[in-house]
Amino acid sequence: MPAPRLRRRLAVPVVLAVVLVSLALNWSRLVNSMLPADSRPAAIEFPVLTVNETEYAVLTAELAAAAEANGVDLKHIALFNEAGLRNYAGPSTCLQCHQELHYQDDHGTEVTVDLMDNVTDSAHYRFFTTRHPNVYGFNGKLADNFAMGKLNRPCPKPGSFAMTAWAELVITTSGDTLSEGCGQCHIGGQYQAPLGEIMPLYETTVVESAAIDCLICHATVYDMNRKQVVTDADGRRRWDQDRSLRAALSVTTPTAPACLRCHQHNFGGDIYVDPTGPEFMPSMTNPGRDRPRVAHPGSKRGTPYSPSWDVHAAAGLSCLDCHQARGHFIAKGTHTTTMMANDLPTVEVSCIQCHDDPPHDSATEDGRAINDHLARVACQTCHIPSLHEDNATRRDFSQAVFEEEADIYIYDDVAKESAPGRGIAYVWWNGDATFLGNPIGDNPNGAGLYRFYDAAQRWPEFADFDYAGWYDTVMRPIAQAGRPSKLYAMKRFNGRQHIDLQNMGPFGGMFVPYNLPTYYRTGQPSLAARLELDKSMMGMMYGLLFKYYMMDKFMSFMAIDEWDTGSYVDVRAGRKVAPRWLPTDAMLEISHAIRRDGALQCADCHGPQGILDWRQLGYTAEEINELSTARPTP
C-alpha cells in the first residue's frame, strides 16, 4: 500500500484531472453563467400541433398541387407519410433523418460532418467568424483569428448592437405594438444572440440547438407573419417562428425567395416590393400579423434581387447557384468591405464562374475593347448602372423625424443618392478592406496620387492628424502587396451616431447604441443612448472580462491604444458623448441588381461629362485628357 506522502502526491493530479474534466463537461454552462441573467439561453416550449389523417390528406393535397404548378418537388411529403409523422417538433424532427451531412470540399474530397455541429459553427447561426484574411486594422495589422461579425460589430446603419437590441417591442404614439431587433434575421430562436459561441471551446447547448429555426431557410412555404416578437410567461422576449406542419412538408434546398426573407432587407429595403416578383420580398409582403416588424426606409445597399432589377433573378437563379455551400457554410467570396463574417473566405464567388472568359464578343471591335477593360474594370462597374432610389447614403441618427404613416420617430436619411458617380462611387479595390469598410486598393499604374481614405469629416480632436502620411506609410504598402486592383462600383454610406468620446481615435470611435423603443417612441436620440447603457450586456461590454478578452484587440484595429472601461459611468450619464459622422465614407460592396439593358456605355465614363473622377482615381492631367475623350457608344 502506498505511503501517505505518496498517496498525497498521487491525489493532486487525480483531483486536478477530475476538476479539468468537470470544467470541460460544464464549460458551456459556466460560460453562460457569466452572462447577465437576461442574456442566458433557456429552454423554450414551442407549440407542436398534430393533425389527424383527414387534415393531413387535405394539407398534402394542397401543397402538392401548388408545388406542381410552380415546378417544385416536395420530397418531404412522401418522407413524412412513410415515417407516419403528423407534426413538426423543430430540429429534433429533422435530426431523425439528417444527423450527418455529406459534401465535397475544395479538392473534391467527400466530407462527412455532424449536421448540428455544421449548423452551429456557421455564420448564419453564430453571427461571426474568426477568419478574416482580407481585413486590416488601421494599425496595419491583419484582423484574422479574431471573432468578428454582426454579433459584436457595431454599425452606424441600424444604430444598435445585436447583443442588446435582440427582440424589442415598440409602442407607437397611437398604442400599436411593433416588433424590432436584430434577432429577426437569425436562425436561432433564443432570447439573446448566441454570445457564448464567442468563447473558445464553447459547445452549443441542447436548449440553444432545440430553438433553431430550420424552416425559415428550408421551407418554400413559411409564414413570415409569425416572425414577430413574443413575450414568454417569465417576461423575456424572443422572435417567434413558423413551426407548422405545412411549412415542414414544403422543405427543399433553400430558394432565392427563402434567402431573401432576411437578405432583401439590405438589398432593396423594407419599403420596395417589385410588382413583377413580389415573392422576392416575403418580409415586406408579410410583415407580421399582430406585432408587425418595423419597416425601415432607406435600404443599406439599394440593389434589389428581383426580376425588375437583376437579370439573374429574372432568369430564375437561386442564391446557391453562385454562393456555393459546404453543408451550411455558404461562400460569400474573397472580396468584402463590410460583411466581415465569412464561412468560406477562400472560396470565390465571381461572374466568370458561369460566364465565358472573356464574356463579350471578341469578333467585334466593341467586344474586344470591353474585354480589354476586364483587366482593370470589374463586371459590376458597368452592369450596376444605378441604385434603387430608396437607399441611404447619409443617415443621421442624431436628428429623429416623425413618420406619420409608421407612427414612430425615425432616423433622418439626409441623402439618398442613386445615380452613378453620386450614390455609386468608383474606387480601386483589390478585395481587401479596412476595419471600417474602406476598400483597399491602388491605381495599377502606380501613379501614387490615389488614396481611398480622405477623412472628409475630420474630427476636431484629430485636426492635425497626418492622414496622408499614415496612408503612404501604413496602407499603401498593404494595397500594393495585395491582389491586383480593379475599378469597382461601390455604394457610398456614412452615418452620424453618438460616439463615446473617451474611446475614439482618428478613424472613428465606439458607437453608443440606441434604445430603439425609446428612440422610435420619443424621437430623443440622447435619451435613447443613455437608456441603452442600462442594458446588462452594455455593463458587461465595459467590464474587465470583455476588455482583456476582446475589446483591447478590437480597439487596436481602430488605431486606439486600449478599451477604456472607465468611460462607462460618463456614457451612461450622457457625458462626453456626441454625435459624429465617420471621418470618411464607408464603401459597401455591391454585386446584385445586375442589368444588361441599361448597363453603362463607353461615353458614360469616357465622355466630357463622364461619371468618373479621374483625378481622384490617381491619373495625371495628360492622362485625364486622353481618358475623357468619348468613344462611340456601342
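For the structure itself, look to the data block above.
1. Points about the overall build of the chain
Working step 1: Tallying secondary structure elements over the chain gives 24 helices and 18 strands in all.
Working step 2: For 634 residues, the compact-globule estimate of 2.2 N^0.38 gives 26 Å, and the chain sits close to it at 26 Å.
Working step 3: Its C-alpha atoms give the chain principal-axis dimensions of about 90 × 70 × 65 Å.
Working step 4: Nonlocal contacts in the chain, meaning residues at least 24 apart in sequence, comprise 71% of its contacts between residues at least 6 apart.

2. Digging into the packing of aromatic side chains
Working step 1: Considering all chains together, one arrives at 29 aromatic pairs under this definition.
Working step 2: Over the ring of Tyr-56 we find Arg-86; its NZ or CZ atom is 3.8 Å from the centre of that ring.
Working step 3: Cation over ring: Arg-580 sits above Trp-459, and NZ or CZ is 5.2 Å from the ring centre.

3. Details of helix α4 (residues 76-83)
Working step 1: Where α4 is concerned, the buried positions are His-76, Ile-77 and Phe-80. The buried residues of α4 occupy one face: seen down the axis, they fall within an arc of 110°. For α4, the exposed residues set more than 90 degrees away from the buried face come down to Ala-78 and Glu-82.
Working step 2: Where α4 is buried, its residues touch α3 (53-69), α5 (91-94) and α10 (245-249).
Working step 3: Gly-84 occupies a position one or two residues after α4 and carries a positive phi of about 70°.

4. Considering the pairing of strand β4 (residues 168-171)
Successive residues of a regular strand alternate their side chains across the two faces of the sheet.
Working step 1: Going residue by residue along β4, you find Glu-168 and Val-170 tucked away on one face and Leu-169 and Ile-171 left uncovered on the opposite face.
Working step 2: Two strands pair when backbone bridges link them, and β4 and strand β5 (residues 177-180) are joined in this way by four bridges, in the antiparallel orientation. Directly across from Glu-168, in β5, lies its bridge partner Glu-180.
Working step 3: Here β4 folds back onto β5 in antiparallel fashion, the turn holding five residues, of which Gly-175 has a positive phi close to 100°.

5. A word on a negative patch on the surface
Working step 1: A cluster of acidic residues, Glu-100, Asp-114, Asp-117 and Glu-203, forms a negative patch on the protein surface.
Working step 2: By secondary structure assignment, the location of Glu-203 is in the loop between β5 and α8 (206-210).
Working step 3: Assessed through its relative accessible area of 54%, Glu-203 is described here as exposed.

6. Considering unusual backbone geometry
Working step 1: In this model, Asp-357 is joined to Pro-358 through a cis peptide bond whose omega is 5°.
Working step 2: Tracing the backbone through its elements, the reader meets Pro-358 in the loop between β9 (329-330) and α15 (365-373).
Working step 3: Its identity as a non-glycine residue notwithstanding, Leu-201 has a phi of 65°, on the positive side.
Working step 4: Residue placement: Leu-201 occurs in the loop between β5 and α8.
Working step 5: Residue classification places Leu-201 among the exposed positions, given a relative accessible area of 75%.
Working step 6: Although it is not a glycine, Ala-559 sits at a positive phi angle of roughly 60°.
Working step 7: When you line up the elements, Ala-559 lands in the loop between α21 (544-556) and α22 (568-573).

7. A closer look at the packing of α3 against α4
Working step 1: The N-to-C vectors of α3 and α4 enclose an angle of 160°; their axes lie 11 Å apart at closest approach. Compared by their axis directions, α3 and α4 come out roughly antiparallel. The handedness of the crossing between α3 and α4 is left-handed. Along the contact surface, α3 presents Tyr-56, Thr-60, Leu-63 and Ala-64, while α4 presents Ile-77, Phe-80 and Asn-81.
Working step 2: Considering only residue class, the contact of α3 with α4 consists of five nonpolar, two polar and no charged.

8. Describing the pairing of strand β18 (residues 586-589)
Working step 1: Alternating positions in β18 separate into two faces, Ala-586 and Leu-588 on one and Met-587 and Glu-589 on the other, with burial throughout.
Working step 2: As paired strands, strand β15 (residues 486-505) and β18 are joined by four bridges and run antiparallel to one another. Bridging across to β18, Met-490 finds its partner in Glu-589.

9. With respect to the state of the cysteines
Working step 1: Inspection of every chain in the model, using the stated rule, returns zero disulfides.
Working step 2: Cys-262 forms no disulfide, and the closest cysteine sulfur to it belongs to Cys-185, at a distance of 3.6 Å.
Working step 3: Unpaired in this structure, Cys-605 has its nearest cysteine sulfur neighbour in Cys-382, at a distance of 6.0 Å.

10. Quick look at the sheet that holds strand β3 (residues 135-136)
Working step 1: Read across the sheet, three strands follow the order β3-β13-β14 without closing on themselves; strand pairing throughout is mixed. Bordering the open sheet on either side are β3 and β14 (439-440), each of which pairs with just one other strand.
Working step 2: Here two bridges tie strand β13 (residues 432-434) to β14, and the two strands are oriented antiparallel to one another. If you follow Asp-432 over to β14, its bridge partner there is Ile-440.

About the thresholds
Sequence order sets the numbering: in each chain, residues are counted from 1 along the sequence as written. Note on the predicted model: pLDDT of at least 70 is required for a residue's local features to be given, and 80 or more for side-chain atom pairs to be given and counted; whole-chain, interface and lining totals, by contrast, use all residues. Side-chain calculation: all heavy atoms of the structure are included, whereas hydrogens and water are not. Secondary structure follows DSSP: runs of H or I at least 4 residues long count as helices, runs of E at least 2 residues long count as strands, and numbering of each begins at the N terminus. Just to be clear, the radius of gyration here is over C-alpha atoms, and the globule rule we use is 2.2 Å times residues to the power 0.38. Note on contacts: a residue pair qualifies if any of its non-hydrogen atoms lie within 4.5 Å across the two residues. Pairing of aromatic rings covers Phe, Tyr and Trp, the last through its six-membered ring, and needs centres within 6.5 Å; plane angles under 30 degrees mean stacked, over 60 mean edge-to-face, and all others mean tilted. A ring is scored as having a charge over it whenever the NZ atom of a lysine or the CZ atom of an arginine sits within 6 Å of its centre and within 35 degrees of its normal. Only protein chains enter the accessibility calculation, which uses a 1.4 Å probe; a residue is then buried when its area is under 20% of its type maximum, exposed when over 50%, and partly exposed in between. Of all possible arcs, the one meant is that of the directions from the helix axis to the C-beta atoms. Strand pairing is assigned whenever DSSP identifies at least 2 bridges connecting the two strands. Residues forming no salt bridge and having over 30% relative accessible area are the ones grouped into patches, like charges within 9 Å of each other and nonpolar side chains (Val, Leu, Ile, Met, Phe, Trp, Tyr) within 5 Å. Here the open area of atoms and residues is found with the Shrake-Rupley method and a 1.4 Å probe, where only the protein chains shown may cover a residue. Salt bridge criterion: a side-chain nitrogen from Lys or Arg within 4 Å of a carboxyl oxygen from Asp or Glu. His is not counted, nor are the chain ends, whereas Lys and Arg count as positive and Asp and Glu as negative. Here the site of a charge means NZ on Lys, CZ on Arg, CG on Asp, or CD on Glu. Interaxial angles span 0 to 180 degrees and are taken between N-to-C directions of axes, which are lines fitted to C-alpha atoms, for helices over the stretch in contact. When describing relative orientation, an angle under 35 degrees is termed roughly parallel and one over 145 degrees roughly antiparallel, while 65 to 115 degrees is termed roughly perpendicular and anything else oblique. Take the far helix as your reference; a near helix turned counterclockwise from it by less than a right angle gives a left-handed crossing, and one turned clockwise gives a right-handed crossing. Following the grouping adopted for this structure description, the nonpolar residues are Ala, Val, Leu, Ile, Met, Phe, Trp, Tyr, Cys and Pro, the charged ones are Asp, Glu, Lys and Arg, and the polar ones are all others, Gly among them. To count as a disulfide, a pair of cysteine sulfur atoms needs to be within 2.5 Å.

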